[in-house]
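Structural description and commentary
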Amino acid sequence: MRYKPLFKILLAVSLVLSLVSQYCDAEVKVTTQAVTEVRYLGEEGQFYQLQRLTGSGLWENIGQPSQATGQEVVTYEKNIPGAKYRVTQLHDQWVLVWSDEFEGDKLNPAKWSKEENGYGGGNNEKQFYSVDPKYCYVKDSRLHLAVYREPHTTMDGKTQPYTSARIRSLERGEWTYGRFEIRAKVPGGSGIWPAIWMMPTHSKYGGWAACGEIDIMESRGSNVHETLGTIHFGGGWPRNKHLGDSYTFPDKNAAEAFHVYSIEWEKDAIRWYVDGVCFQTRTSDEWSSESAPDSKTAPFDQPFHMILNVAVDGGFFGGTSQKSTDLPDSAFPQIMEVDYVRVYQWAK
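Residues numbered from 1 in each chain as written. Predicted model: local features only at pLDDT ≥ 70, side-chain atom pairs only at ≥ 80, totals over all residues. Heavy atoms only, no water.

What about the overall build of the protein?
Quick reminder of the rule: Runs of E in the DSSP output that reach at least two residues are strands. Runs of H or I that reach at least four are helices, and both are numbered from the N terminus. Atoms counted for the radius of gyration: C-alpha only. Globule rule: 2.2 Å times the number of residues to the power 0.38. For the exposure calls, accessible area comes from a 1.4 Å probe over protein chains only, and a residue counts as buried if that area is under 20% of its type's maximum, exposed if over 50%, partly exposed in between. For this analysis, residues touch if any pair of their heavy atoms sits within 4.5 Å. Accessible surface is estimated by sampling points in the Shrake-Rupley manner with a 1.4 Å probe; for residues, cover comes only from the protein chains shown. We score Asp and Glu as negative and Lys and Arg as positive, and we do not count His or the chain ends. Every charge is mapped onto a representative atom, which is NZ of Lys, CZ of Arg, CG of Asp or CD of Glu.
From N to C terminus, the protein includes one helix and 28 strands. Against the 2.2 N^0.38 benchmark of 20 Å for 348 residues, the protein shows a C-alpha radius of gyration of 22 Å, consistent with a compact globule. Expressed along its principal axes, the backbone C-alpha trace of the protein runs to roughly 65 × 50 × 45 Å. Counting across all 348 residues of the protein, residues that qualify as buried make up 51%. Excluding contacts between residues fewer than 6 apart, the proportion of contacts in the protein whose partners are at least 24 apart in sequence is 71%. When the accessible surface of the protein is totalled, it reaches about 16,600 Å², and 51% of it is carbon and sulfur. Measuring between centres, the 36 positive side-chain charges of the protein sit 3 Å from its 44 negative side-chain charges.

Some details on the packing of aromatic side chains
How we decide: Aromatic rings from Phe, Tyr and Trp, taking only the six-membered ring of Trp, are treated as a pair when their centres fall within 6.5 Å; an angle between ring planes under 30 degrees marks them as stacked, one over 60 as edge-to-face, and anything in between as tilted. Note on geometry: a ring has a charge over it if NZ (lysine) or CZ (arginine) is within 6 Å of the ring centre and within 35 degrees of the ring normal.
According to the stated counting rule, one finds 17 aromatic pairs in the structure shown. Between Trp 98 and Trp 175 the ring centres are 5.2 Å apart and the planes differ by 70°, which places this aromatic pair in the edge-to-face class. A residue pair is termed long-range when its members are at least 10 positions apart, and Trp 98 in strand β9 (residues 93–100) and Trp 175 in strand β18 (residues 174–175) qualify at 77 residues. The exposure class of Trp 175 is buried, given its relative accessible area of 7%. Members of the aromatic cluster, each reached through a chain of ring pairs, are Trp 98, Trp 112, Trp 175, Tyr 177, Phe 180, Trp 265, Trp 287, Phe 300 and Phe 304. If you follow Lys 134 out to its NZ or CZ, it ends over the ring of Tyr 148, 4.5 Å from the centre. Positioned above the aromatic ring of Tyr 273, the side-chain terminus of Arg 179 is 5.4 Å from the ring centre.

Description of the confidence of the model for the protein
This is how the line gets drawn: pLDDT: the predictor's confidence for each residue, scored from 0 to 100.
On average, the protein scores 91 in pLDDT, and the residues at 70 or more come to 92%. Note on residues 5–21: pLDDT under 50 across the span, and 28 contacts to partners over four residues away in sequence or across chains.

Thoughts on the nonpolar core
Side chains that are nonpolar tend, in soluble globular proteins, to be buried together. Applied cut-off: Put simply, buried Ala, Val, Leu, Ile, Met, Phe, Trp, Tyr and Cys residues joined by side-chain atoms within 4.5 Å make one nonpolar core.
Core analysis: the largest hydrophobic core is formed by 50 residues, its most contacted members being Leu 143, Met 198, Ile 214, Met 306 and Leu 308. It is strand β27 (residues 304–312) that contributes the most residues to this core, five residues altogether. Sequence-distant contacts of Met 198, that is, excluding residues within four places in its chain, are made with Trp 175, Phe 180, Glu 213, Ile 214, Ile 216, Ile 263, Trp 265, Phe 304, His 305 and Met 306. Counting residues in each nonpolar core, the second largest holds eleven residues, with Trp 193, Trp 197, Ala 311 and Phe 317 among its members.

What follows is the structure, encoded as structure tokens:
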């Protein structure tokens, strides 16, 4: 299992912060010889971290923090004779609420679903998205999304010359606001379009692009010296609008090395980062939704889920000379590797 040092850093930081946070008593009782029941009640909307006292006198975190709903929280832990527990209320920090470190040997169905679609994604793309694990698999603690030059024909006769994969956290992970952090390395072939993006789960503002879209990272084929971040909003096509900017890598490009792609999404602003460097900020006075003209925050004020995919060709390459047919057969598969996906929310 490959070691990911950032988690240890986050744990250490969380321990230091939580030691100065308020904490509430946890009611603890041994229910069986093997299980200890821990109960606590937190203030609705606030984040809490369950901790256990170690033999060295430090409080260690147990699991991920949880956001209180006003109802009593009940959790069951392995019985450790004499163990002491407490629950700390977290303040003024990003709290990890959802993650996938891809440590298993297959995609976690509790966090992701695979899509099957062969109709070009509305952008005249040339890939068929398959659910076959050949195109989406976990290996060496990394997610792999692979494009092959393999044609696929749908039942109604639509043929695409490439086969790829697209996954999403729909109905498994959705959030309104937060910090979204993905460490990835992208392919660098002409006409190959890897993307990490977000769409609303149940849009109250209608279809695209009135519903909104947040693109965390897009890479335009062989232009791997830069990455793009964009929002889409406004009305339905052709009344849709978009705003975005690019980031140029100062050293190793997006295909040569892993980089951390992040956004911080708040009510009134969205900020884009690469490797901790903020390269773009968009504010709510710049976006709008035709469906809610009086709203100051629409459409980016509703739950969004995450999507990861690798497309081929299409409108994204309009005005460029890039096309996938320039690639030799030996250039396939083209693969995007993802080291982790982490989602944080702000504890006030």
